[in-house]
Amino acid sequence: MIEIALAGNPNTGKTSLFNILTNSYEYVGNWSGVTVEKKVGMLNNKKGHLIDLPGIYSLNPLSRDEGVATRFLIEENFSMVLNIVDASQLERNLYLTIQLLEYGKPVVIGLNMVDVAKGRGIMVNEKKLSERLQSPVLPIVARTGSGCKELAGLLTNEEQENKPLYILYGQPLERAMETLVAKMPDAENLPPKRWLALQFFEGNEVVHALLKTMMPEAELQRIFAETEAQVQSEEGAKSLSYHIRAVRAEYIKGVLDVSLQKGEEVTYTLTDRIDNIVTNKFLGIPIFILFMYLIFKLTFDWLGSPISDMLDAFLTGPLTDDLTSMLQAAGASAFIKAVILDGIVAGVGGVLVFVPQIMILFFLISFIEDSGYMARIAMVMDKTLESIGLNGKAFIPMIIGFGCNVPGIMAARTIEQPKERLLTIILTPLMSCSARLSVYSLFVGAFFTQNQALVVLSLYLLGIVIALTLAKIFSSTILKEESSMFVIELPPYRIPQWRTLMRNTWEKGKGFIKKAGTFIFGGSVIIWFLSYAGPGGLGVDMNKSFLALIGGAIAPLFEPIGFGSWQAGAALITGFLAKEVVVSTMNIIYVAPDLHTLQGVMAHHFTSLSAYSFMAFLLLYVPCLATVAVIKKETGSAKWTWFSIIYALLIAYIVSLIIYQGGKLLGF
Amino acid sequence: MVLTDIKAGGKAKITNTEHVNVLVRRRLLDLGIMEGTEISIKRILPFGGPFAVEAGGQWVGIRRSEAKLIQVCHS
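Residues numbered from 1 in each chain as written. Chains lettered and ligands numbered in written order. Predicted model: local features only at pLDDT ≥ 70, side-chain atom pairs only at ≥ 80, totals over all residues. Heavy atoms only, no water.

1. With respect to the packing of helix H3 (residues 90–103) of chain A against helix H8 (residues 193–202) of chain A
Residues and elements named next belong to chain A.
Then comes step 1: Contact geometry for H3 and H8: axes closest at 9 Å, N-to-C directions at 140°. In contact with Tyr95, Gln99, Glu102 and Tyr103 of H3, H8 contributes Trp195, Leu198, Gln199 and Glu202.
Then comes step 2: Taken together, the residues of the contact of H3 with H8 break down into 4 nonpolar, 2 polar and 2 charged. (Axes fitted to C-alpha atoms, helices over the stretch in contact; angles between N-to-C directions. Helix = DSSP H or I, 4+ residues; strand = E, 2+ residues; numbered from the N terminus. Contact = heavy atoms within 4.5 Å. Nonpolar A, V, L, I, M, F, W, Y, C, P; charged D, E, K, R; others polar.)

2. Examining the sheet that holds strand E4 (residues 58–62) of chain B
Then comes step 1: Pairing is antiparallel across the open sheet formed by 6 strands, whose spatial order is E10(A)-E4(B)-E3(B)-E2(B)-E1(B)-E5(B). For this open sheet the edge positions go to strand E10 (487–489) of chain A together with strand E5 (71–73) of chain B, each flanked by a neighbour on one side alone. When strand polarity is set aside, the average angle formed by the axes of neighbouring strands in this sheet is 40°.
Then comes step 2: Pairing of strand E1 (residues 11–16) of chain B with E5 of chain B involves 3 bridges; the strand directions are antiparallel. Its bridge partner lying in E5 of chain B, Ile14 of chain B is registered against Val72 of chain B. (Pairing = 2+ DSSP bridges.)

3. A short note on the side chain of Glu66 of chain B
Residue and element names in this part refer to chain B.
Then comes step 1: By the element assignment, Glu66 lies in helix H2 (residues 64–67).
Then comes step 2: One buried charged residue, Glu66, remains without a salt bridge, the closest side chain of opposite sign being Arg63 at 5.6 Å.
Then comes step 3: Dropping the residues within four chain positions of it, Glu66 is found in contact with Val20, Asn21 and Val24. (Buried < 20%, exposed > 50% of the residue type's maximum accessible area, 1.4 Å probe, protein only. Lys, Arg positive; Asp, Glu negative; His and termini not counted. Salt bridge = Lys/Arg side-chain N within 4 Å of Asp/Glu carboxyl O.)

4. Brief notes about the nonpolar core
All names here are of chain A.
Then comes step 1: Membership of the largest hydrophobic core comes to 137 residues, with the highest contact counts inside it found for Leu427, Phe443, Met586, Phe606 and Phe614.
Then comes step 2: At 12 residues, helix H22 (residues 452–476) tops the list of elements feeding residues into this core.
Then comes step 3: In this structure, Ala69, Leu73, Val107 and Val206 belong to the second largest nonpolar core, which totals 63 residues. (Core = buried A, V, L, I, M, F, W, Y, C linked by side-chain atoms within 4.5 Å.)

5. Observations concerning the interface of chain B and chain A
Then comes step 1: Listed per partner, the contact involves 33 residues of chain B and 41 residues of chain A.
Then comes step 2: Of the roughly 3300 Å² buried at the junction of chain B and chain A (both faces included), carbon and sulfur atoms supply 52%.
Then comes step 3: Together, Arg27, Trp59 and Arg63 of chain B form the three largest contributors to the area buried by chain B at its contact with chain A, with a combined 26%.
Then comes step 4: Here chain B and chain A share 5 salt bridges between them.
Then comes step 5: Between Asp30 of chain B and Arg245 of chain A there is a salt bridge; the shortest N-O distance is 3.6 Å. (Buried area = accessible area lost by both parts, 1.4 Å probe.)

6. As for the pattern of salt bridges
Then comes step 1: The full count for this structure, using the stated rule, is 18 salt bridges over all chains.
Then comes step 2: Salt-bridge contacts for Lys14 of chain A lead to Asp52 of chain A; the nearest nitrogen and oxygen are separated by 2.7 Å. With a gap of 38 residues between them, Lys14 of chain A in helix H1 (residues 14–21) and Asp52 of chain A in strand E4 (residues 48–52) connect regions that are remote in the sequence.
Then comes step 3: Owing to a relative accessible area of 9%, Lys14 of chain A belongs among the buried residues under this scheme.
Then comes step 4: Looking at Asp52 of chain A, the relative accessible area reads 8%, which means it is buried.
Then comes step 5: Through salt bridges with shared partners, a single ionic network connects Arg245 of chain A together with Arg26, Arg27 and Asp30 of chain B.

7. Here's the deal with the UniProt feature "binding site: Mg(2+) 2" (unreviewed entry) in chain A
All names here are of chain A.
Then comes step 1: Following the UniProt record, one finds the feature "binding site: Mg(2+) 2" (unreviewed entry) at Asn19.
Then comes step 2: Relative to the assigned elements, Asn19 resides in helix H1.
Then comes step 3: Judged by its relative accessible area of 2%, Asn19 falls in the buried class. (UniProt positions renumbered as here; feature names shortened; annotations may be inferred.)

8. Quick look at H8 of chain A
Residue and element names in this part refer to chain A.
Then comes step 1: For H8, the tally of buried residues reaches 9 of 10 residues, placing the bulk of the element in the interior.
Then comes step 2: Listing the buried residues of H8 in full gives Arg194, Trp195, Leu196, Ala197, Leu198, Gln199, Phe200, Phe201 and Glu202.
Then comes step 3: The elements touched by buried residues of H8 are helix H2 (67–75), H3, helix H7 (171–183), helix H9 (205–212), helix H10 (217–235) and helix H11 (240–259).
Then comes step 4: Gly203, located one to two residues past H8, shows a positive phi value of around 100°.

9. Focus: the packing of aromatic side chains
Residue and element names in this part refer to chain A.
Then comes step 1: For the structure on display, the rule yields 29 aromatic pairs over all chains.
Then comes step 2: Measuring from centroid to centroid gives 5.1 Å for Phe443 and Phe614, while their planes differ by 25°, and the two rings are stacked. Note that Phe443 is positioned in helix H21 (residues 434–447) and Phe614 in helix H29 (residues 608–620), a separation of 171 residues in sequence.
Then comes step 3: Judged by its relative accessible area of 0%, Phe443 falls in the buried class.
Then comes step 4: Given a relative accessible area of 0%, Phe614 falls into the buried group.
Then comes step 5: What links up through ring pairs into an aromatic cluster is the set Phe443, Phe447, Phe558, Phe563, Phe606, Phe614, Phe617 and Tyr621.
Then comes step 6: The ring centre of Tyr242 lies 4.6 Å from the NZ or CZ of Lys238, which sits over that ring.
Then comes step 7: When the ring centre of Tyr493 is taken as origin, the NZ or CZ atom of Arg376, which lies over that ring, is 4.3 Å away. (Phe/Tyr/Trp six-rings, centres within 6.5 Å; stacked < 30°, edge-to-face > 60°. Lys NZ or Arg CZ within 6 Å of the ring centre and 35° of its normal.)

Spelled out as structure tokens, the structure:
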């Protein structure tokens, strides 16, 4: 088994290539120490692993997360690097390539987007490029898979020599590197010493930390300062890192001179034209809102609900009938029958019916992400977000949060400023995720049949408005930001690829199904049991069950906000496990075999106003268990984790109080 | 002259980025935007919003406050 690292700039088609070269994920987790997702896939020929490094521009990291790639090169065992480069942005992409070549492990270069480059009048002579870089270069189009088979053929175990690329950095720096190399101990598993020395002089913090374990920090600083002074005086450079960058840029220019032909420059006119509309002065924000509205229409009214109804009909009809007769035939006791039909089928089935809607939502979010529109949204929103102490990039985690808060919070890592990132993390849970959607669907189906999409949209907007208001409050009080930054790459628009969309949708959506099979399954059994048992023994009247006792204990608290029943209290407690469990709990509590019966029963327990107040409370009160866990992981702070739970509870109560009491005053 | 003096659709050459925030400068450098780079203004968002600029086929969005600190000359 060989280990191959996949490296490249962001937005170069790395994920597409990864998906084409591998069939399945061997492992998806996090890189140790940081929260960047680590993906390892099995190559299609089953002869090696492909390790997806985060997209980076340089091995010298700007943020902590970007250090992952450098740390990988230093610490882990691998036999070669697959470097994907964007042919239309060769000059910038080669900057990383040079650093990988200097490292010395065999590098195979996948020259991606040759079609885009051609469209812009850029012709790359891959033979000449390969000769100059002394590494195989293969033109590919990762989006369509063209050339990828040949590329996979190069990823073999054949013993290849390590032959680092050797660029001369001028007398003073070369001398200093020699000195530093001589001071390094002869340890095994050490990366190439010259590469370490060079990265150190470039200011690479990760390498600096490694060298500190070998020699005194004072000595390192002395060498660095002396060398910088020499380079400044002898080479006339501003700093060491500038000098190194300039030498590399010069080298790259030499490579491109022989391997690149620029024809007539055609800028991407289609992107220009689309941008004219979607980032238009007046239309930009309305278009974005229209987009979101269409997404909700598709998810609920047009596509999602009909499919969910069909699934519901199947689960409560044929499936329940078959199960009942099977249990009958097997001679199951009344207890077992009750567990399965009233507990598991009602609980798990009640949640599973929302899978189609959730999948559609994930699909549409993936579409926005892959099309290039997401970066424009960030830009359109930047000014607004800056005024409340965030930057445009904070909008991306929030939109992803509509699918599920967990990946949304993880997406906040693209935000460079620590405080802006923290603020985004603690506010993303206010974005109404698809699990909450299942609860809304239940309620709007019962109380707001005429305006389903509109009522749901209002809840989403409520979440956004509250998040933005709190951002302003937090950023001007507890999280004052000294300087905010915003630089965003605007990739050309492209039509997302089916393969990637489907895979992304599945990867995100399957967690939901898995949850239904484990968490909600177990939860349903427990909730059912608590509703079945009571101080008086088993099979008691539900109003005298343990669940009624527990729910009843906190119910008075909810009286002022419109739903002081023990059922609502119990449902909200269980909702902390996962918000969709509220639906399971209600199915069990109201002993409703299917959605329509449940909605009918609920009409006796809620009014339209208290239903809306309940939905608003559910939207805002404590993030679910999985989200709390990811907040803890991302912030690394128990204090902020508690903060995000407590402020949410307070806000939820206040908002619901205003809705319910205000609504009553207005005569609803 | 600074970048914000250029109108949408106009071009300029960067002469100095020293006053720009360190993190922003480093990110622009990663994207191939530095002293000597030819840059064109693609879009200017309203109400003091960001600038979309293009350099070497690469489109980047930056804030107006940052664009004000980038010195340029006519190319």
